Amino acid sequence: MLVCIPQPRDIEVRPGALAFAGLSLIFLPPDAEPLDLAAAALLREEIVRLGGPTLPISRAWRPVGADGVLALGDPASLLRAFGRDLHLPAVPADPEGYSLAVTPQGAALAATTARGRLWAAQTFRQLLRVYGAMVPCVRVIDAPVMRYRGVLLDVSRRKVPTLETLYRLVDTLSLLKLNMLQLQVEHTFRFLRHPRIGAGCGSVTGEELLALDAHCQRRGVELVPMLQSFGHMRNILMLEEYAHLAEHPAAQWSLCPTDLASLQFMDELYEEFLPCFSSPRVNIGC
């Protein structure tokens, strides 16, 4: 049985295999989007990592030849480019659904959205990791069961992860087709207006979050801002200049919600924190 993570909805294994040594091109149709280019680059890197050839990526009206091609695109665009049916299974209506067909001559990865095509590429990468140079001929139809599939990572306890570590995490989430990441921030962001918050504890900067957000977009992952906005405030309220905002002087854990100064304080934090993210959502904790 063919195994992927998560297991696709429908897999049909057929006779034969595709040798990546026989591949000559990664093809994208003219309407390919930036996320398609990122997916193509991931496919090329995976093949090279496993000892295969460095395939050129072509974005053109049609490929030079039909054999030895790893094609990634919208089903209608692939049909126009190749001028014939690639025997692709029907693509699910789900915006993240995709279909994948591997034959001894090549492979076609199709979806109506760029994120769906990225998930098709990630499935093919998993097949490469399991089977190496000879990928079995398969037909895959898949779509997620849940719209949001994410991880919340607490970065406010002990060591704050480096940007390099977070990049690797995002790459892994994308490979497994998870589409959301939240970093639980309590005090570990370097606020320019409030420089004492998180000082000396490896806090992430706005510039680092902007870079991480851009990397998440290249991997089909939504980076959602998460900033504790009521409780979990001890590391802030224990500082002398913020102690008066505590709900109770003997329990410096929560902001006092009836103090207008608390609202002004949070407004100033949001003003710096939220613009670092492209997501339309925010998790305020509480």
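A few points on the structure.

We now examine the overall build of the protein. Secondary structure summary: the protein contains seven helices and 12 strands in total. Within the protein, the proportion of its 286 residues that are buried is 49%. Across the protein, the fraction of contacts at a sequence separation of at least 24, relative to all contacts at a separation of at least 6, is 71%. When the accessible surface of the protein is summed, it comes to about 13,700 Å², and 58% of that surface belongs to carbon and sulfur atoms. Distance from the positive charge centre (27 side chains) to the negative charge centre (29 side chains) of the protein: 7 Å.

Before going further, it helps to examine the sheet that holds strand β5 (residues 98–103). Within a sheet, adjacent strands bond to each other through the backbone by hydrogen bonds, running parallel or antiparallel. If you walk across this open sheet you meet the seven strands as β1-β7-β5-β6-β4-β2-β3, and the pairing is mixed. One side of each edge strand has no neighbouring strand; the edge strands of this open sheet are β1 (10–19) and β3 (57–59). Between one strand axis and the next, the sheet turns by 20° as a mean value, whatever way the strands run. Pairing geometry for β1 and strand β7 (residues 134–142), over seven bridges, is antiparallel. Of the residues in β7, the one forming a bridge with L18 is V135. Of the strands in this sheet, β2 (25–28), β3, β4 (69–73) and β6 (106–110) touch helix α1 (residues 34–49), which is tilted by about 170° from β2. Running over the sheet, helix α2 (residues 75–82) touches β2, β4 and β6 and is turned about 135° from β4.

Here we take up the pattern of salt bridges. In the structure shown here, the tally under the stated rule is 16 salt bridges. A salt bridge links E46 to R125; the nearest nitrogen and oxygen atoms lie 2.8 Å apart. One end of the pair, E46, is in helix α1; the other, R125, is in helix α3 (residues 114–131), and 79 residues separate them in sequence. Residues R157 and E186 are paired through a salt bridge, measuring 2.9 Å at the closest nitrogen-oxygen approach. Residue R157 is located in the loop between β8 (150–154) and α4 (163–175), and its partner E186 is located in the loop between β9 (180–185) and α5 (206–218); the two are separated by 29 residues in the primary sequence. By relative accessible area, which is 35% here, R157 ends up partly exposed. Residues participating in the shared-partner salt-bridge network are E46, R49, R125 and R129.

Looking now at α3. End to end, α3 covers 26 Å across 18 residues, agreeing with the expected 26 Å (1.5 Å per residue, within 8%). Taken across its 18 residues, α3 has 14 buried, putting it largely inside the fold.

In terms of residue burial, β4 counts as a mostly covered element, since five of its five residues are buried. Side chains V69, A71 and G73 project from β4 onto one buried face, and the interleaved L70 and L72 project onto a second face that is buried too. Note: β2 against β4, three bridges, orientation parallel. Residue pairing for β4: I26 is matched across the bridge by L70. Here β4 pairs with β6 via four bridges, running parallel. From the neighbouring strand, L72 faces β6, where its bridge partner is L109.

Rules behind the numbers
- Residues numbered from 1 in each chain as written.
- Predicted model: local features only at pLDDT ≥ 70, side-chain atom pairs only at ≥ 80, totals over all residues.
- Heavy atoms only, no water.
- Helix = DSSP H or I, 4+ residues; strand = E, 2+ residues; numbered from the N terminus.
- Buried < 20%, exposed > 50% of the residue type's maximum accessible area, 1.4 Å probe, protein only.
- Contact = heavy atoms within 4.5 Å.
- Areas by Shrake-Rupley, 256 points an atom, 1.4 Å probe, with all protein chains shown as cover.
- Lys, Arg positive; Asp, Glu negative; His and termini not counted.
- Charge placed at Lys NZ, Arg CZ, Asp CG, Glu CD.
- Pairing = 2+ DSSP bridges.
- Axes fitted to C-alpha atoms, helices over the stretch in contact; angles between N-to-C directions.
- Salt bridge = Lys/Arg side-chain N within 4 Å of Asp/Glu carboxyl O.
- Expected span 1.5 Å × (residues − 1).

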